[in-house]
2 protein chains.
Amino acid sequence: MANFEKFVYRFGKFSTDGNREMKHLLGGKGANLAEMSTIGIPVPPGFTISTEACKKTIDNRMEWPENLIDQVREGVKHIETEMGLKLGNEEDPLLISVRSGAAVSMPGMMDTILNLGINDEVVEAIIRKTGNERFAYDSYRRFIDMFGDVVMGVTHDHFEEAIEKLKKEVGVKEDLELTASHLRELTDRYKAIYRKITGHMFPDDPMEQLRFAINAVFNSWNSARAIKYRQISNIHGLIGTAVNVQAMVFGNMGEKSGTGVCFTRNPATGESKLYGEFLLNAQGEDVVAGIRTPNPIAELEERNPEIYKELVSYTGSLESHYKNMQDIEFTIQDGNLFILQTRNGKRTGAAAVKIAVDLVEEKILSKDEAIRDLVDPEHIEQLLHPQFKDGEQAENTILGSGLPASPGAAVGKVVFDSKKAEEAGKDNEPVILVRIETSPEDVGGMSSAEGILTSRGGMTSHAAVVARGWGKPCVAGCSDIVINYKTRSFTNGEVTVKEGDWISLNGNTGKVILGKKELSKPEFSEEYQTFMDWVTDIELMKVRTNAETPEDAQVARSYGAKGIGLARTEHMFFKPGRVNFMRKMIIAESKEERVAALSNLLPFQKQDFAEIFEAMEGLPVTIRLLDPPLHEFLPQEKEEIGKVAGELGVTPDKLLQKVNQLKEFNPMLGHRGCRLGITYPEITEMQTRAIIEAAIELVEQGKEVFPEIMIPLVGSVEEFVNQREVVDRVAQEILADAGVELDYKVGTMIEIPRAAILADQIAEKADFFSFGTNDLTQLTYGFSRDDAAKFLPDYIERGILKQDPFQVLDEEGVGQFVQAGTRLGRMVNSTLKVGICGEHGGDPSSVHFAYNTGLDYVSCSPFRVPVAHLASAQAVLRKNKEEDENSDKPMPTVRA
Amino acid sequence: MANFEKFVYRFGKFSTDGNREMKHLLGGKGANLAEMSTIGIPVPPGFTISTEACKKTIDNRMEWPENLIDQVREGVKHIETEMGLKLGNEEDPLLISVRSGAAVSMPGMMDTILNLGINDEVVEAIIRKTGNERFAYDSYRRFIDMFGDVVMGVTHDHFEEAIEKLKKEVGVKEDLELTASHLRELTDRYKAIYRKITGHMFPDDPMEQLRFAINAVFNSWNSARAIKYRQISNIHGLIGTAVNVQAMVFGNMGEKSGTGVCFTRNPATGESKLYGEFLLNAQGEDVVAGIRTPNPIAELEERNPEIYKELVSYTGSLESHYKNMQDIEFTIQDGNLFILQTRNGKRTGAAAVKIAVDLVEEKILSKDEAIRDLVDPEHIEQLLHPQFKDGEQAENTILGSGLPASPGAAVGKVVFDSKKAEEAGKDNEPVILVRIETSPEDVGGMSSAEGILTSRGGMTSHAAVVARGWGKPCVAGCSDIVINYKTRSFTNGEVTVKEGDWISLNGNTGKVILGKKELSKPEFSEEYQTFMDWVTDIELMKVRTNAETPEDAQVARSYGAKGIGLARTEHMFFKPGRVNFMRKMIIAESKEERVAALSNLLPFQKQDFAEIFEAMEGLPVTIRLLDPPLHEFLPQEKEEIGKVAGELGVTPDKLLQKVNQLKEFNPMLGHRGCRLGITYPEITEMQTRAIIEAAIELVEQGKEVFPEIMIPLVGSVEEFVNQREVVDRVAQEILADAGVELDYKVGTMIEIPRAAILADQIAEKADFFSFGTNDLTQLTYGFSRDDAAKFLPDYIERGILKQDPFQVLDEEGVGQFVQAGTRLGRMVNSTLKVGICGEHGGDPSSVHFAYNTGLDYVSCSPFRVPVAHLASAQAVLRKNKEEDENSDKPMPTVRA
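Residues numbered from 1 in each chain as written. Chains lettered and ligands numbered in written order. Predicted model: local features only at pLDDT ≥ 70, side-chain atom pairs only at ≥ 80, totals over all residues. Heavy atoms only, no water.

(A) Layout of the domain arrangement of chain A. Residue and element names in this part refer to chain A. Looking at chain A, the domain boundaries give domain 1 (8-249), domain 2 (250-347) and domain 3 (387-520). Each partner contributes residues to the interface: domain 1 has 21 residues there, and domain 2 has 19 residues. Between domain 1 and domain 2, a total of about 1,700 Å² is buried, with carbon and sulfur atoms accounting for 69% of that surface. Counting across the domain 1 and domain 2 interface gives zero salt bridges. Taken together, the links from domain 1 to domain 2 amount to two residue pairs in polar contact (both at pLDDT 80 or more). (Domains from an automatic or database assignment. Contact = heavy atoms within 4.5 Å. Buried area = accessible area lost by both parts, 1.4 Å probe. Salt bridge = Lys/Arg side-chain N within 4 Å of Asp/Glu carboxyl O. Polar contact = N/O pair within 3.5 Å; in protein donor to acceptor, adjacent residues only side chain to side chain.)

(B) Structural view of the relation of the copies chain A and chain B. Of the two same-sequence chains, chain A is brought onto chain B (RMSD 0.5 Å, axial shift 0.5 Å) by a rotation of 179 degrees. In short, the pair behaves as if placed about a two-fold rotation axis. Residue Asn666(A), judged by its C-alpha, is the member of chain A lying nearest the rotation axis, at 2.0 Å. When the interface residues of chain A are mapped onto chain B, 98% of them again lie at the interface, so the same face is used by both copies. (Least-squares fit on C-alpha atoms with pLDDT ≥ 70 in both.)

(C) Fine view of the side chain of Glu548(A). All names here are of chain A. Inspection of the secondary structure puts glutamate 548 in the loop between strand S26 (542-546) and helix H20 (550-558). For glutamate 548, a relative accessible area of 11% gives the class buried. Within polar-contact distance, the side chain of glutamate 548 engages the backbone nitrogen of arginine 568 at 2.8 Å. At 3.3 Å, the side chain of glutamate 548 and the side chain of histidine 571 are in polar contact. If we ignore the near neighbours within four places in the chain, the residues touching glutamate 548 are Leu566, Ala567, Arg568, His571, Met572 and Ile612. (Helix = DSSP H or I, 4+ residues; strand = E, 2+ residues; numbered from the N terminus. Buried < 20%, exposed > 50% of the residue type's maximum accessible area, 1.4 Å probe, protein only.)

(D) Local environment of the pattern of salt bridges. Residues and elements named next belong to chain A. Within the structure shown, the criterion is met by 120 salt bridges over all chains. For lysine 167, the salt bridge is made with aspartate 175, and the minimal N-O distance between the two is 2.7 Å. Judged by relative accessible area, which is 6%, lysine 167 ranks as buried. A single salt-bridge network, built from bridges that share partners, covers Glu570, Arg624, Asp627, Arg672 and Asp775.

(E) Layout of the packing of aromatic side chains. Scanning all chains against the criterion turns up 46 aromatic pairs over all chains. Among the aromatic residues, ring-to-ring pairing joins Phe143(A), Phe147(A), Tyr194(A), Phe202(A) and Phe212(A) into one connected group. Over the aromatic face of Phe388(A) sits the side chain of Lys517(A), whose NZ or CZ is 5.1 Å from the ring centroid. The ring of Trp502(B) has Lys516(B) lying over it, and the distance from NZ or CZ to the ring centre is 4.2 Å. (Phe/Tyr/Trp six-rings, centres within 6.5 Å; stacked < 30°, edge-to-face > 60°. Lys NZ or Arg CZ within 6 Å of the ring centre and 35° of its normal.)

(F) Layout of the sheet that holds strand S24 (residues 511-514) of chain A. Residues and elements named next belong to chain A. One open sheet holds the eight strands; their spatial order is S14-S24-S23-S16-S17-S18-S19-S15, and the pairing between them is mixed. Each having just a single partner strand, strand S14 (398-401) and strand S15 (403-406) make up the two edges of the open sheet. Neighbouring strand axes in the sheet, compared pairwise and without regard to direction, differ in orientation by 30 degrees on average. Where S15 and strand S19 (residues 474-476) come together, three bridges link them in antiparallel fashion. In the sheet register, proline 404 faces S19, and the bridge partner there is valine 475. (Pairing = 2+ DSSP bridges. Axes fitted to C-alpha atoms, helices over the stretch in contact; angles between N-to-C directions.)

(G) Region of the structure containing helix H8 (residues 206-220) of chain B. Residue and element names in this part refer to chain B. Taking 1.5 Å of rise per residue, the 15 residues of H8 would be expected to cover 21 Å, and the 21 Å separating its terminal C-alpha atoms lies within 8% of that figure. Taken as a whole, H8 has its buried residues at Pro206, Gln209, Leu210, Ala213, Ile214, Asn215, Ala216, Val217, Phe218 and Ser220. A side-chain oxygen of the first residue of H8 lies 3.0 Å from the backbone nitrogen of methionine 207; this N-cap is aspartate 205. (Expected span 1.5 Å × (residues − 1).)

Written out as structure tokens, the structure is:
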């Protein structure tokens, strides 16, 4: 044999030829099986036929290379030896599986064939060994189905038809109701179908079965779908697929057999103890079908201490080897333990953090690896909000399902208006504010409520954005319920909920539950603190926060925010005692009247800014000048107009006239942003004065303050220059009068496509850019985020969009504008600070994009700061890893 | 003198040294004066000091090069000889002017100095010669002012202060009321000011005055403003400025003197006959001041036949030389005719076309030159619409002024609703439809009306767009008037106009006039036909039309349209008998109901398309699938909802619910365009069926038809692919059934920024692109065209925008998307057809941009087709000319 090329690589307890470096030759699956064998894991033994063999066979018109058949026979012998069984043997028959496996996994290749080796004699042997005739014939008929479909092109529907026909004949509905003799009959019918369509008898000889199966794998390498997939995915440099042939093992061979699944650690708490369940004398299917109830894994220690000990040792090796908590499937066949599968286990946020920290302390992995691979940003998100103590249970009455608009769980009595919510808030009564949709007038009530439920609006509706900003649970756009403000109730058609009834919201799943569920408060474990300390130790892109109150600013700072990236000044105007001055400004008929009204707002704004500066002392604070269209500050309903008119001392008609005058067809594209400041420079003047005077106050107290004044909705350099002149003029004047030096910056939000592509012009005049990716997404797509709920779900369902672009930055489209804006801006202004604010600042994949684009910071709501921190650290570590890997992995090339 | 460099170049009747090739040395003005002299035009004699002299003087710290002073003296002598006068002479004094003049004209250089040569003695001689003491002192004091300001830096305001003071003292308000002796006094005061500030006496010696003035010109070459201007404009390669010294001539030297202006042809009609007016014994200022009424030029022939003959001969030469109708200023001084200025004359559209054709026939210029330089696209526009016979007159009562939204004039009785307009239309009664704003429901009435007046909305409001499409006069957004539908009247606060009263609209100026003005119908002269034939003979970018009726298609075709670039199918749904099927489709609760309603629309759509295809036989027809949001088809007002509900057989509540459900915050960014077709593929199916079946009908009649199906509002290739699959599936099916072959195309409108930057992906799947620059402009700027009227006028006034980007394509911003989309699209699909539709398709400068970007066609409303044709031809010819010129003009380089 020395003269022949080696095509077959064994794996198993005693003989293993490959290892994990041989992916190119053995495929991913084959290399991994070899690797596990090498470190002593008892996988069912088998062998891998190399990709070289595949290539040579295809090149040689499907004639196998010389000696391959002999090597395959040797491989089978190897399995037989390890298992103590023989292929086709009528006493102790060996069954095997055949699977494809290239170096890169791809669809369109051959599926698995299980139970290869059965024939009419072997099936009897299985019955004898298992005492389970039904199982034996079920295995047999499944094998014929798979073999026929995959190897001979007798498509699965032929067999499906036969089983349906039989079920009708015998009068049963479910496959499970078929008896052993039914299945024996079915096996015969399957063979008849096979014969009718292929013109051949179903092959009896296991070696012939195997040869056919191997050829089917070789052929599938050049199936139309596989070729297409390689083209589309730009996969080059692969020569063919490997073929994995492996022993089948059975857990239903008596009381010394069994099957089970386990996690190496507790997936709910992270506790370092084996966690799982098992069944003796059973196959995995029995567990799935719910026929028998499995036992906790701990009992295995009592029932079979040796096997248990062995299992613990293997699971420990696997965890160390894969450097992660493992989710493992195992089967015991006649006292022999086999590991069938291992993969990284799913876990809760608390468990993820604990496991990560424990594994580092156990020296199984490094801190960098723990941060990069062991904890998802979503895990951190979970930890920051209350959750249902017992999760969602089958017995819960689900009233409806909406969008999981802001995470965490909340419980409270239903109220339908903001005023009631505020009153309840004063009495410390927990309430859920239920509205068709919310508007800026509702913020008082939203702030008092435990959670918010709306029946209309998307992930970026007003309710959703505000709730996320405050870390308050919110279910938005729950179209299952109909709200009736008049009767003060809502209904899902079956249950009607009245004001005062208790409901529970799950902001992580979007579920609305009747009644008062128990909550668990977020707790920050010691491990959490340790983990986040490691995260923030990494040299990373800065994370700022979007906040407009000193409270939010403090929360964010406690979470590690490095400044404020977006303070929306308009939110400040809605507070009681202020909004009427704003309204007076709006209905003013002359500049003088406007200036007078604004001067009443000045002390409030100044006070706000002073408090925020104080909370963020020593860190930059970006303040956006007034952005929304003015009509948002006016009442819209008749009754309210009458009331407000009285307060303002004008006739309702006059106010109504103004309301109508300010109506816009498309307010998002209307008179807002810097367009307001250009028409009414006195607004910009007042806001600049408030910012600079507040800053001076702090400077005079010896505090460091770094205001960054942001001009919104700029589409041309002319707009920016116009507003910057106003800002600089007012600021210089005040600073000169006060004799104070202040390092303030003036920049703009890049949220208009035109600004992004002409960013070089703007950057010549600006100190910083902040990408307002919400509006930029709206304009890039031409999607109104308030209206897109009408078609976005449809788009995602049909695969037209992969995800909601308002949640995950559209890198291909919107991302081009972020990249172009950054590149053009830095080209002419090398000191330009560039960041991202808006919803995407807290989305992990968007944070990665921001890092790869080279931004200086991302800014997100306070409760997402730790999430963004982790995402940011992971972006750094993954890029490092990628660079390491690319330096020593020349092929195959797969385009991301 | 042979050893000295030549610095001074004379021009005049007898001796001229330069010519027009010597711009670099003599500056533009100097070269032109030399040129005119060369061809025998009697410009006032003078000389030009070269740019070399300027450079040497500056390089030599303001010391003149050797011999320059002698050459200047020679130059003065030359003027004296030609004029028969002498500088500083107390009998026959010569006055001269001094002007700067570089090769490229630039601001910041020295202004003109007139009347140089006056002093206390000379002023007396002028009085003697003119008999006009007031004139003499007025000239003197003006000279001191200019000289002081320009040469010595005694700024103009010093002199202005003095004149104001004097007027107060003598109790007059206007300068004209000052008498001769007042001006004599003022002259003295000016000299005192000069002396006080400069510390010197005002120079008496004319040669000294001249030397100072020349140095002032030299110095101004390096003034801060001039240097800045050259930097900004990127002007390089110039060595200095030339100085032009020229005789002053006076028309007030008695009855053998005079002054006048004339056009070489009639600027109103184009008739080839001198047209103008003159005054004997007068200066130009006298005409401007309105002191005397001038005489028609024809009378000059009687009063002075010789001078008249001479004038006719010169004007002929000038016209031939400049290859254009000239607007000429002349002065007769003591029987000698001087041409002071000549420039291309302004003219009406009719005149422009006639002159162009006549000049070609007179062999003065080529057809290409006539097309390129002699007729503006606006001239053609004028010819296509009715106009007021007598224009706007002082005695007209102007009711208000709005935007000139659609050109032409209209006269009719006021009606306030669409129904009344339609009724009047049936009775052939001319009406003007007056609405606050129009909506698609008004199109019936708009079509019947002579013209449309709205009090709200911009240049691209519904009223404006529809009116322009139909070539119907429209004044939009006339905020001077308040409309009251209840009282059926409108008022401007002074005049109230009731329904039935006559008004007249001027769509060219935006004026609304009380009463019934007389109109002149557009007439297409023989010259127009000739000219447009020449235009369409040029190999040019194709011009298509935006049309959705066979009538419009025919009009456009008669104007030379090469197909339809945009047929908006939704306009077809508004016709009576159709809209209720559309509404049934909208309120349908199942796909089946929708399909049923659509099937009722199918025959109408098919009929429409068949008629359009017929009208455009042999030419491509681009049909856009349904675009607007569905709520546009539903009634919005309570009363109407009740009525329509009855017609549809549903309860008003149900209809109201649907209306509310379809309401959108930002409909422009909402559920419209291909988003509709994706949610309701049955709409796309029905429209495709109508298109293909109509096409088959024509093909079976042996006619050629080229349908191009356009999918609107595509933002991603996935959207396009989704809709193209529906179109192709339906089309292939119908064609296969009919056994007909049809060359149909499927493409998309590029109107979403994302589509433009990902155009390569889309072009792989599309046959054509049409840039929808209206929506693209809205999204690129984030401007709603329906709301932008709130700030756009302000923006233009403040110079933040140079023009309304909805009228003139924003080349810098939106243009980048057009260029990128075209480049990316052609990169992957070399046969991709690319055009532009939307408002910009008819705007001349945008047509130029389209040509330079390499588009295949522009598409515009039928009445703009000839305008776009001319613009397109001009784009070709100008580019050719530019290329010719660039090949032989190495310097100076001026960046466009």
